[in-house]
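Single-letter residue listing:
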Amino acid sequence: MEFRNPQNRTSRSIMQGILIALIAPVGSLVLLFFKYPVLLSGESNLTKIQLKTLIFQIISLGLLINVGLFFLFLRFKKESISRGILAASLIVLLAAVIHKFLL
């Protein structure tokens, strides 16, 4: 008879939620750079402040996707994955605000 640790299952689900939540903002940035490759070359007419604002807006759109995923997983009774999505979303939001206003 095998006993399973429910704590291990919960932590694995939270890590899955974190991974899911990190894919949306990073994926949106990657799509932006594929659509506008001039942003990577440094030859764009955007100032540093405009570029920071653009990156902040794209990350914010990725976080809106995370809100939808959060409620979707809550709807399907996957609370642990939802917790991971919420935790990662807060971390990404904090990093984006620090990048925009403090760096």
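Okay, so let's go over this structure. Everything quoted here is computed from the prediction, not taken from an experiment. (Residues numbered from 1 in each chain as written. Predicted model: local features only at pLDDT ≥ 70, side-chain atom pairs only at ≥ 80, totals over all residues. Heavy atoms only, no water.)

### Quick notes on the overall build of the protein
A count of helices and strands for the protein gives four helices and zero strands. When the helices and strands of the protein are listed from N to C terminus, the series reads α-α-α-α. Partitioning the contacts of the protein with sequence separation of at least 6, the portion at a separation of at least 24 is 72%. A total of about 7,700 Å² of accessible surface is found on the protein, and carbon and sulfur atoms cover 70% of it. (Helix = DSSP H or I, 4+ residues; strand = E, 2+ residues; numbered from the N terminus. Contact = heavy atoms within 4.5 Å. Areas by Shrake-Rupley, 256 points an atom, 1.4 Å probe, with all protein chains shown as cover.)

### Points about a nonpolar patch on the surface
Judged by side-chain polarity, Leu86, Leu90, Leu93, Leu94, Val97, Ile98, Phe101, Leu102 and Leu103 come together as a nonpolar surface patch covering roughly 890 Å² of accessible area. Inspection of the secondary structure assignment puts Phe101 in helix H4 (residues 79–101). Look at Phe101 and you get exposed, because its relative accessible area is 57%. (Patch = residues over 30% accessible without salt bridge, like charges linked within 9 Å, V, L, I, M, F, W, Y side chains within 5 Å. Salt bridge = Lys/Arg side-chain N within 4 Å of Asp/Glu carboxyl O. Buried < 20%, exposed > 50% of the residue type's maximum accessible area, 1.4 Å probe, protein only.)

### Notes on the packing of helix H3 (residues 48–75) against H4
Their axes nearest at 9 Å, the elements H3 and H4 cross at an angle of 170°. By the criterion of interaxial angle, the relationship of H3 to H4 is roughly antiparallel. H3 and H4 meet at a crossing whose hand is left-handed. Contact residues: H3 offers Lys52, Thr53, Phe56, Ile59, Leu63, Asn66, Leu69, Phe70, Phe73 and Leu74, while H4 offers Glu79, Ile81, Ser82, Ile85, Leu86, Ser89, Val92, Leu93, Ala96, Val97, His99 and Lys100. Grouping the amino acids of the contact of H3 with H4 by side-chain chemistry returns 14 nonpolar, five polar and three charged. (Axes fitted to C-alpha atoms, helices over the stretch in contact; angles between N-to-C directions. Parallel < 35°, antiparallel > 145°, perpendicular 65-115°, else oblique. Left-handed = near helix turned anticlockwise from the far one by under 90°. Nonpolar A, V, L, I, M, F, W, Y, C, P; charged D, E, K, R; others polar.)

### Some details on the environment of Thr10
Within the secondary structure layout, Thr10 lies in helix H1 (residues 6–35). Residue classification places Thr10 among the partly exposed residues on the basis of a relative accessible area of 26%. As a C-alpha pair, Thr10 and Glu79 span 69 residues in sequence and 9.2 Å in three-dimensional space.

### Focus: the layout of surface pockets
Of the volumes computed, that of the largest pocket is approximately 160 Å³. Every residue along the wall of the largest pocket is listed here: Leu63, Asn66, Val67, Phe70, Phe71, Ile85, Leu86, Ser89, Leu90 and Leu93. For the lining of the largest pocket, the secondary structure elements donating two or more residues are H3 and H4. Classifying every residue of the lining of the largest pocket gives eight nonpolar, two polar and no charged. (1 Å grid on protein atoms, 1.4 Å probe; cavity = no way out; pocket = protein on both sides within 12 Å on 5 of 7 lines; lining within 4 Å. Points joined across faces, edges and corners; volume = space filled by probe spheres on them.)

### Re H4
For an α-helix, 3.6 residues make a turn, and residues three or four places apart therefore share a direction. Compared with an ideal rise of 1.5 Å per residue, which puts 23 residues at 33 Å, H4 spans 33 Å between its outermost C-alpha atoms and is within 8% of the ideal. Of all the residues in H4, the buried ones are Ser80, Ile81, Ser82, Gly84, Ile85, Ala88, Ser89, Val92 and Ala96. (Expected span 1.5 Å × (residues − 1).)

### Overview of the nonpolar core
The biggest cluster of nonpolar side chains holds nine residues, and these are Leu29, Leu32, Ile55, Phe56, Ile58, Ile59, Leu63, Val92 and Ala96. No other element matches the five residues that H3 contributes to this core. Ignoring sequence-local partners within four residues, the contact set of Ala96 consists of Phe56 and Ile59. Counting residues in each nonpolar core, the second largest holds six residues, with Ala21, Ile81, Ile85 and Ala88 among its members. (Core = buried A, V, L, I, M, F, W, Y, C linked by side-chain atoms within 4.5 Å.)

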